[in-house]
Amino acid sequence: MLSTAPSRKQRQLQSSAATGATASASADVEAATAQQQQRRRYTPLTSKPEVLAPVGGWPQLRAAVENGADAVYFGLEDFNARARAANFTLEELPEVMSYLHARGVKGFIALNVLVFDEELGAVEQRVRAMAAAGVDAVIVQDWGVVELMRRVAPGLPVHGSTQMSITSGEGAAWVAGLGVERVVVGRELSVREIAKVRDAVPGTEVEAFVHGALCVSYSGQCFSSEAWGGRSANRGQCAQACRLPYGLLVDGVLRELGDVSYLLSPQDLMAVEQDLMAVEQVPDLISAGVSCFKIEGRLKGPEYVALTTQMYRRAVDAAWAHLTGEGLPTEEEEEEEAAGGPAAAAAAAAAGGAAAAAAAASDPQAAARAAVALTEQQRWDLEQVFARGQDGQHRGLTPGFLEGVAHQRLVRGRAPRHRGVYLGRVAEVGPRGVVLTLQAPLKRGDGVAFDCGRPEAEEPGGSVYDILDGGAGETSLSMGAAGSADTNTPVPPGTRVTLVLGQGVGQAEVLRRVSAGDLVWRTKDPALEARLRASWDGRAAAEARRLPVTAEVSGRVGEPLTLTLRALDTIFTSPHTTASSTSTSSATATATASTAASATASTAAPTAGCTTVSASSAVLLSTAAKRPLSAEDVARGLGPNLGEATLVVPPGGLDVSGLELEAGLFLPASELKAVRRRAVEALLGARAAAALRTAAGMAPGPVLPGLLAAAAAEPAPPQALALVRALACTGPVEPSGAARPEAAAAPAEEVEEEERRVASGAAAGPSGVQAAGASGGGGGGGGGVCIRVLCRSRAQVDAALKVPWLREVVVDFLEVQGLREAVAAVRDSGRRVVVATPRVLKPDEQRLWLFYLRLGADALLVRSAGMLHTLQQLGGPGARVPDVPYPIPLLEGDFSLNAANVLSASLLLSSTGSSSAAATAAGSSSGSEEGAPAVWRGLSRLAPTHDLHAGQVAALAGGLGGRAALLEVVVHQHLPIFHTEHCVFCRFLSTGNSYKDCGHPCESATLHLRDDKGADHLVLADMGCRNTVFNARAQSGVFFLRDLLRAGVRTLRLELVDESPEAVAPLLEGYRDVVLGRRGPGDLWRWLATLPDANGAAHGVDAGSLQPAKERAKGGMKPTAAALKQQQQQQQQQQQGQGREAAGAGRR
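Rules used throughout
- Residues numbered from 1 in each chain as written.
- Predicted model: local features only at pLDDT ≥ 70, side-chain atom pairs only at ≥ 80, totals over all residues.
- Heavy atoms only, no water.
- Helix = DSSP H or I, 4+ residues; strand = E, 2+ residues; numbered from the N terminus.
- Buried < 20%, exposed > 50% of the residue type's maximum accessible area, 1.4 Å probe, protein only.
- Pairing = 2+ DSSP bridges.
- Axes fitted to C-alpha atoms, helices over the stretch in contact; angles between N-to-C directions.
- Phe/Tyr/Trp six-rings, centres within 6.5 Å; stacked < 30°, edge-to-face > 60°.
- Lys NZ or Arg CZ within 6 Å of the ring centre and 35° of its normal.
- 1 Å grid on protein atoms, 1.4 Å probe; cavity = no way out; pocket = protein on both sides within 12 Å on 5 of 7 lines; lining within 4 Å.
- Points joined across faces, edges and corners; volume = space filled by probe spheres on them.
- Nonpolar A, V, L, I, M, F, W, Y, C, P; charged D, E, K, R; others polar.

Caption draft 1: Examining the environment of Lys300 more closely. Turning to its location among the elements, Lys300 is positioned in the loop between β11 (292-295) and α11 (302-324). When its relative accessible area of 12% is taken as the criterion, Lys300 is described as buried. Sequence-wise, Lys300 and Gly212 are 88 residues apart; in three dimensions their C-alpha atoms are separated by 9.6 Å.

Following this line, the structure appears as structure tokens:
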């Protein structure tokens, strides 16, 4: 039945227009965007972006360095989001950093997990060790850890992990205010949106993922591992539930999708078009202001690291040359190249000659795009090292969201694993082998696999024994031409062939399982692996990466010879420093002329982006009696690597123009080498000292105890405590955790009472801190307990309003329509209404705050850093905003802010400023009367992250002292396991790619995903078309209620998803009865297990994330493919070594 009501997206755009929000689909915005991009093309680019490579262990580290990485990121044995990687020990860290810095490479440590209170002390020790080792930056998720680092080691840079869920300029500004110097934006942003984030925070670097696995859920917002595996993705133990097969239920009916069952498994992200001739993304990302190109893959092998680093090194260099003109040859160099000049020939080959320079000058962006276009062979190589190919049209590497939303392209849904290179479809299975027409090159020894449409089963395949013609199958096509030395020629694409996998049982078994129509993939290319391995393993010292150094020699008769060395890297300089502002601040020092040997050094001279030192000879230059000193003598004496294995003087890097050779100079050869030795020692010493800049200002003693004491001592605002008391639906809580049924006092009385208590100090203990668990309720938060409900439909709201004792309703409508009316209904009933805001805000949605303010809610449930920053910048609660009839209401923080410890919770609960005359409201959307209490500017309540179990929540409450009563615990919910930009409705219920052409099936269909155990997980789409998948099984904290209340928690939230209106009142009454002691928790638990979903199926109940669970040790997790391969190689090497020893013993 067709609806005449406006669609969700139409309503969103109408609402956005009404509130002044920008609609991304409007023509004026498109024109403005085009103008902005045109202006950006001619905006001076000041700093070449870094290529940042992933490192899981020593082989990957060497592969990244030798293939051109500017920086690498890696984890230590704990506190990183890739617990299964090999990682490094704390004892290895100094060696790792020394290895990197000696070659001009930066090292970043991933500390990108949430940290629990009991772990903060260990994290402080790690931070001190990182600073002492000269780590260049730490990638952090936890906001509390950011604060700890700023206090412990203020010289150690902090980068905000993508786990922070930063998707807008406002979010980036929030974390920048905490001290974050670089933000890794969400992988769901387009190039245009990334540019907007960069423009919003000009003083903060922006890092973007350009290659690797693409998580279906927003990083930091995935709780599937927590719900189903007792492990947390926010703790580095992702169970990859998105890679599992799911069935699709539409309105309760299982839909047939053919070979599609991996509905949430994206293909891998690559910053290039899928088509061979398409435009690549690297030049556009450079123009967007991206400072760092990040390659995902710390679980991958060194071959993957080597190839991807090579590719992005090439792309960044080529694009930068064309966008800036740096490195492009001049007309004179082009003429020299035509005449055979080697230097110009190399330059022309690298940059395309003078013609390329001319093209770059006329249209640098187009020239850059052309320069980075991949060949088909390069694309095949990238697919070979890792790609989740699906079929011939979906080969596994896509631009992800970099070009915007394209749901049909992102998820094909046939298979979740690495495939390799697509070879074609089986035409027939003959007596000699499998016949097909090749779509990519193949040779003997390559590995192949046959995709029979059952990816959950082991797939047939093996090594190619021979490649015969596809006709009679008698002629080998891989043996090369007659007389050729090449005995394994790759057979080109387009050739009809017969694949022979071997002789005997193995071949027969494969042929038995393969059928016509099956897909064929090249899963292994030994030649490519050997080539990539040679790029880092076993390289000669002369070929290995070394630090490039220029040498300038100067002097005249009667003066010392002075040698100035400049290291041509930028790891010890600030990328934001401009030449004009730093040329006068260079600390380069030169020794004064004297007969005494001298060598002075400086830290990096930012102008040149290098460390510069000088050393002078102890012997003065004199007039030669016989053969004078020549430029060749100087070059020979200094040597190609200055006598140091990690250094190299590049071609043209020696400058002797300052040395008056025409005067016939003389200096003993031994003295020239002595000057070289002193200069090199000074250079290495200066770099070693500069590397330790991160330890500057390190706190001499432990910092954490003071921070924890301050958090516990900070008093709770009387207004917030009074509000909690006023909203209580029970009487005071006894020390045992039981609550009495008396009603709470009126709000005004509570405010006055609380202010008197705080003023008199009656609520404080000997240290001034209210003890958790005291009769006042965990810090004076009111004796009673507030139970409130979150509703996701109008029918649920109406049912909740029939519960007489309920005083507060949270409205979390995913559609705009009906939200205003629901808010009004709650207010008209005399209850307090809280409106939940989105978990994600992207740049085109930044003005949605205006829509939410105009609803007139009593509070907003804030779920993103961007929304929090915006509302606080507007003045916070009580401030007036033009064209809004209500002041900004109170702000409450939700679980998605990921408060996991006392430091992060305290940060969010703390006020950002004192009360001001502008404050005119105290929690009511209609404003407050004159003389009302001042408004609290921080969060008035906070729900901790779902990564904490009940015991940790109770401990968190204890650590917050008097502010324990401001914590809210979600004690009943269907855990939001995925929150994703990918729309399942659009992908599988339409042929469209976005809301513009999908037909809006989300407005008419009810969608569930059925897992392999038969559980049906509800999918809801919000006003931004983002999908949230809710766990089928309800999660209840009913058995932990008494412990939580004893710890001081005073607000309990019950969340509804698709529960029927008839279940609302019994659910609320059941939890209240347990709190009051009228009903046993076991009795309520058994009733909860019978509640049906929208399709009438009951999926039971469990404690979910609230249940204490021991995290898996690394040895208990599935090893990575890279780790297994390295183990096999080590075993082979050991066996070969044992074989050689045995052979040697036999000869003896």
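Caption draft 2: Spotlight on unusual backbone geometry. Non-glycine residue Ser165 carries a positive phi angle of around 60 degrees. Inspection of the secondary structure assignment puts Ser165 in the loop between β5 (158-160) and α7 (169-178). Look at Ser165 and you get buried, because its relative accessible area is 18%.

Caption draft 3: Representation of the sheet that holds strand β18 (residues 496-500). What the 7 strands build is an open sheet, ordered β16-β15-β19-β13-β14-β18-β17; its pairing is antiparallel. Both edges of this open sheet fall to β16 (461-463) and β17 (466-469), since each of them pairs with a single strand only. Between one strand axis and the next, the sheet turns through 35 degrees on average, direction left out of account. Sheet topology note: the strand β13 (residues 421-429)/strand β14 (residues 434-437) ladder contains 3 bridges and is antiparallel. By the bridge assignment for β14, Val429 is matched with Val434.

Caption draft 4: Geometry of the packing of aromatic side chains. Inspection of the entire model under this criterion finds 7 aromatic pairs. Each ring, one from Trp58 and one from Tyr99, has its centre 6.0 Å from the other, and the planes form 85 degrees; the classification is edge-to-face. Of the two residues, Trp58 is situated in helix α3 (residues 58-66) and Tyr99 in helix α4 (residues 93-102); the sequence distance between them amounts to 41 residues. For the pair formed by Trp58 and Tyr99, the shared burial category is buried. For the ring pair Phe1039 and Trp1085, a centre distance of 5.2 Å and an interplane angle of 50 degrees mean the geometry is tilted. Of this pair, Phe1039 sits in the loop between β39 (1034-1036) and α33 (1041-1047) while Trp1085 is found in helix α35 (residues 1081-1088), placing the two residues 46 residues apart along the sequence. Here the aromatic residues Trp58, Phe74, Phe88 and Tyr99 are joined through ring pairs into a cluster of three or more. The ring of Tyr73 has Lys294 lying over it, and the distance from NZ or CZ to the ring centre is 4.5 Å. One cation-aromatic arrangement involves Lys300 over Phe386; the distance from NZ or CZ to the ring centre is 4.3 Å.

Caption draft 5: Main features of the sheet that holds strand β37 (residues 1016-1021). One open sheet holds the 6 strands; their spatial order is β9-β8-β36-β37-β38-β35, and the pairing between them is antiparallel. Because the sheet does not close on itself, it has two edges, and the strands there are β9 (253-255) and β35 (976-980). Sheet twist, expressed as the average angle between the axes of neighbouring strands with direction ignored, equals 30 degrees. Two strands pair when backbone bridges link them, and strand β8 (residues 247-250) and β9 are joined in this way by 3 bridges, in the antiparallel orientation. Bridge pairing in β9 places Val250 opposite Val253.

Caption draft 6: Spatial organisation of empty space enclosed by the protein. Within this structure, the stated rule accounts for 14 cavities of 30 Å³ or more. Taken together, 18 residues make up the lining of the largest cavity; nearest its centre are Asp812, Leu814, Arg839, Arg863 and Thr1028. Going through the elements one at a time, β35 and β38 (1027-1030) are the ones with two or more residues in the lining of the largest cavity. Looking at side-chain class alone, the lining of the largest cavity contains 9 nonpolar, 3 polar and 6 charged residues.

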